[in-house]
Amino acid sequence: MSKSTPVAKIFSCTQSTVLAEKIAKSFGSNLGQVNFSHYSDGEFQPSFEESVRGARLFLIGSTHPSSENLMELLLMIDAAKRASARHITAVIPYFGWARQDRKDKPRVPIGAKLIAKLLESAGATRIITMDLHADQIQGFFEKPVDHLYASTIFIPYIQSLNLDELTIASPDMGGSKRAYAYSKFLESNVVVCYKQRKKANVIDHMELIGEVEGKNVVIVDDMVDTAGTLTKAADLMMERGAKSVRAICTHALLSGNAYERVKNSKLKELIVTDSIPQKKESKKVNVLTCSNLFADVMHNEALGSLRLKPFVMLERFLAYYTVGKNQYIFQQMKSVFLN
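Everything numeric here is computed off the predicted structure, so don't read it as measured data.

Asks: Quick question: what am I supposed to make of the overall build of the protein chain here?
Replies: From N to C terminus, the protein chain includes 10 helices and 16 strands. Classification of the 339 residues of the protein chain by burial places 52% in the buried group. Looking at the protein chain as shown, the accessible area adds up to about 16500 Å², and 48% of this sits on carbon and sulfur atoms.

Asks: Which parts of the structure should I look at to understand the packing of helix H4 (residues 151-161) against helix H5 (residues 176-186)?
Replies: Helices that pack against each other are described as a pair by the angle of their axes relative to one another and the distance between those axes. Running from N to C, H4 and H5 cross one another at 45°; their axes reach a closest spacing of 12 Å. In this view, H4 runs oblique relative to H5, as classed from their interaxial angle. Handedness of the crossing formed by H4 with H5: right-handed. Taking contact as the criterion, the partners of Ser-151, Phe-154, Ile-155, Ile-158 and Gln-159 in H4 are, on H5, Tyr-182, Phe-185 and Leu-186.

Asks: So what exactly am I meant to see when it comes to the environment of Asp-296 here?
Replies: Among the secondary structure elements, Asp-296 is positioned in helix H8 (residues 291-302). Between the C-alpha atoms of Asp-296 and Ile-23, which are 273 residues apart in sequence, the distance is 9.0 Å.

Asks: What is the right way to read the pattern of salt bridges from this model?
Replies: Close approach of charged atoms allows side chains with opposite charge to pair. With the rule as written, the count across this model stands at 16 salt bridges. For Lys-22, the salt bridge goes to Asp-274, with nearest N and O atoms at 3.3 Å. Taken as a pair, Lys-22 in helix H1 (residues 17-27) and Asp-274 in the loop between strand E13 (269-273) and strand E14 (285-288) lie far apart in primary sequence, 252 residues in all. Assessed through its relative accessible area of 37%, Lys-22 is described here as partly exposed. Between Asp-225 and Arg-99 there is a salt bridge, and its shortest N-O distance comes to 3.0 Å. Of this pair, Asp-225 sits in the loop between strand E11 (216-224) and helix H6 (228-239) while Arg-99 sits in the loop between strand E5 (87-92) and helix H3 (111-122); the two residues are 126 residues apart in sequence, bridging distant segments of the chain. Given a relative accessible area of 41%, Arg-99 falls into the partly exposed group. Taken together, the shared-partner salt bridges connect Arg-56, Arg-126, Asp-146 and Glu-301 into one network.

Calculation criteria
Residues numbered from 1 in each chain as written. Predicted model: local features only at pLDDT ≥ 70, side-chain atom pairs only at ≥ 80, totals over all residues. Heavy atoms only, no water. Helix = DSSP H or I, 4+ residues; strand = E, 2+ residues; numbered from the N terminus. Buried < 20%, exposed > 50% of the residue type's maximum accessible area, 1.4 Å probe, protein only. Areas by Shrake-Rupley, 256 points an atom, 1.4 Å probe, with all protein chains shown as cover. Axes fitted to C-alpha atoms, helices over the stretch in contact; angles between N-to-C directions. Parallel < 35°, antiparallel > 145°, perpendicular 65-115°, else oblique. Left-handed = near helix turned anticlockwise from the far one by under 90°. Contact = heavy atoms within 4.5 Å. Salt bridge = Lys/Arg side-chain N within 4 Å of Asp/Glu carboxyl O.

If you want it as structure tokens, here you go:
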């Protein structure tokens, strides 16, 4: 490594340690040492236990509630800035508060915009995240954002199932574009659920647009919170004659009674990533790691080259994606993605 290339170091927030260890292993490095001091009133303070002067730092931490997770990351970024780190990349597998991406009624905040400004003000020079709730959140940042897609993880898995009569489903109208992109690559049909809510996390009515009779359905979504939508959609599809219903969701929040809902539903399987640590184990929940995806992008950034882009738009990715033993065939992709 040349003298002009900063040393890459990886640190983790407390809630993302397991995933960070996997990323570091795939990256070919060890996690750096960071200590958190806690006061009796709940206040805490991070401290890097090694020099980060002039280094390229990757700070890994999802910002799902509680707000302490976000605060941990902000304090670590500020500490790194004040310790003279050369580059500070916030690696946020799950970008929390992303559902507040617009004003859907009067007198409410745009939380995602606020979080973006907080990260930049703290000192982050780059953001790496995965499957934002809305793509336009990238525009809330003035710093570069590498937006990765979990389709690179899920598509090989779907193909390995060898499902006949495959149909891709969206649990709501907002996810129809994502479902169409999957179906275009997998050469399958698309169905869409239309739902009306009384309030957040409470569904008043749901209808199915499309035919699922005799089909193996895979529902595609970016997150699963209470699992109310997924389980209701699965039950509705089975009532309409579907052979089986699976769901793939990038971020498994699984709050409240979500695990019980999944267990008691007609879902055959719920496939998620480890962007958020799981609260408990379930026979129906299958967790696929996203560590290799993040490590690849971090490695390219550490080398000062991001010409190979596994974070391109989903449509572009699906047009050129090649699967070989569930991994990228990088040599075949270079001619496509080189600038």
